[in-house]
Amino acid sequence: MDRFRNYDIAFSGLKTGKHDFKFEINKEFFDLFETEQEFFNPKISVDVHLDKHTTFLEFFINVSGTVQLICDISTDEFSENIMNDLKILVKFGEEYDDSNEDIITIPQKDSDFNIANLIYEAVVLSIPMKKVAPSVRDNDEYEKLLEKYSPKPIEEEEEQSTDPRWEALKKLKDNN
């Protein structure tokens, strides 16, 4: 966890109330996680607002910036604006527990909280699943293909025709 210490927020010396922190993250930040990314050349600003209470901490994390993506259709590179917000409640307990996605429990003895994983999660979740370059999105030909191959709503027939054999079986059933 040493490699993430730049993203520790020391709350033990802070007064109760609101505190602001700012981080600028780039490729080096994502290299710390040693995972393959779907994007490159990130230029992201992270604003962290900490509201310290006597028995818990509230973190409001706002991530915004740009990343470079590869278009799924044309394989062109393009820049995509990203934005995401996270609200995390940190409470004190016996041991670390992050099984609840909105509430993290940290040991009573801790004096700082590392937000690197939260920043990483906020950025990765803001990347679109389908990466389509603006040049493709604004193309009339693309729109026509999208319309052609998109699923169509099922139109219900006004009168559903029933197989006459089923009608005969229904009559037999009704007679019993």
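Since we're looking at a predicted model, the values are computed, not measured.

Visitor: Lay out the pairing of strand E6 (residues 103-107) with the relevant residues and their values.
Guide: Counted residue by residue, E6 has four buried out of five residues, so it is predominantly covered. In the sheet, strand E5 (residues 77-93) pairs with E6 via five bridges, with the strands oriented parallel. The residue bridging Gly93 from the neighbouring strand is Pro107, located in E6.

Visitor: For the layout of surface pockets, give the residues involved together with the corresponding values.
Guide: Estimates place the volume of the largest pocket at around 380 Å³. Taken together, 16 residues make up the lining of the largest pocket; nearest its centre are Tyr96, Ile104, Phe113, Asn114 and Asn117. Among the elements of the structure, E6, strand E7 (112-114) and helix H2 (116-126) are those that each provide at least two residues to the lining of the largest pocket. Residue composition of the lining of the largest pocket, by class: seven nonpolar, three polar and six charged. Its boundaries defined by the atoms lining it, the second largest pocket holds a volume of some 160 Å³. Forming the walls of the second largest pocket are Glu36, Gln37, Glu38, Phe39, Tyr120, Val124, Leu125, Ile127, Pro128, Met129 and Lys131. Across the lining of the second largest pocket, the residue classes break down as seven nonpolar, one polar and three charged.

Visitor: Provide a residue-level description of the sheet that holds E6, including the pertinent values.
Guide: Strands in a sheet are paired, the pairing made by backbone hydrogen bonds, and the direction either parallel or antiparallel. Taking strand neighbours across the sheet as the criterion, the five strands line up as E2-E3-E4-E5-E6 in an open arrangement whose pairing is mixed. Every interior strand has two partners, whereas the edge strands, strand E2 (17-25) and E6, have only one. Taking the axes of each pair of neighbouring strands and ignoring which way they run, one obtains an average angle of 25° across the sheet. Pairing of strand E3 (residues 40-52) with strand E4 (residues 56-70), which is carried by eleven bridges, proceeds in the antiparallel orientation.

Visitor: Please provide a residue-by-residue account of the nonpolar core, values included.
Guide: It is characteristic of soluble globular proteins that their nonpolar side chains tend to be buried jointly. The biggest cluster of nonpolar side chains holds 41 residues, and the ones touching the most others in it are Ile25, Phe59 and Ile115. Those elements giving two or more residues to this core turn out to be E2, helix H1 (27-31), E3, E4, E5, E6 and H2. Residues contacting Ile115, with those up to four places away along its chain left out, are Tyr7, Ile9, Phe23, Val48 and Phe59.

Visitor: For the pairing of E5, give the residues involved together with the corresponding values.
Guide: Each regular strand shows side chains that alternate between the opposite faces of the sheet. Two elements, E4 and E5, share 15 bridges in a ladder whose sense is antiparallel. Across the sheet, the residue bridging to Gly65 is Ile82, located in E5. As consecutive antiparallel partners, E4 and E5 are separated by six residues, and within that stretch Thr75 has a phi angle of approximately 60°, a positive value.

Parameters and conventions
Every chain begins its residue count from 1, and numbering advances along the sequence as written. The model is predicted, so local features are restricted to residues of pLDDT at least 70 and side-chain atom pairs to those at 80 or more, both for listing and for counting; the totals for chains, interfaces and linings are taken over all residues. As a convention, hydrogens and water are excluded, and side-chain values are obtained from all of the structure's heavy atoms. Remark: exposure states derive from per-residue accessible area (1.4 Å probe, protein chains only) relative to the maximum for the residue type, with buried under 20%, exposed over 50%, and partly exposed in between. Only DSSP runs of H or I with at least four residues qualify as helices, and only runs of E with at least two residues qualify as strands; both kinds are numbered from the N terminus onward. Here, strands pair whenever DSSP counts at least two bridges between them. Using a 1 Å grid laid over the protein atoms alone, points where a 1.4 Å probe fits but cannot get out form a cavity; open sets with protein on both sides within 12 Å along at least 5 of 7 lines form a pocket; any residue with an atom within 4 Å of a point counts as lining. Grid points are joined across faces, edges and corners, and a volume is the space filled by probe spheres set on the points. Three categories are distinguished: nonpolar for Ala, Val, Leu, Ile, Met, Phe, Trp, Tyr, Cys and Pro, charged for Asp, Glu, Lys and Arg, and polar for the others, with Gly belonging to the last. Where helices are involved, their axes are fitted lines through C-alpha atoms of the stretch in contact, as for all axes, and angles between N-to-C directions lie from 0 to 180°. In this text, buried Ala, Val, Leu, Ile, Met, Phe, Trp, Tyr and Cys residues form a nonpolar core when linked through side-chain atoms within 4.5 Å. Residue contacts follow a heavy-atom distance rule, with two residues in contact if any of their heavy atoms lie within 4.5 Å.

Honestly, it's all geometry; don't read function into it.
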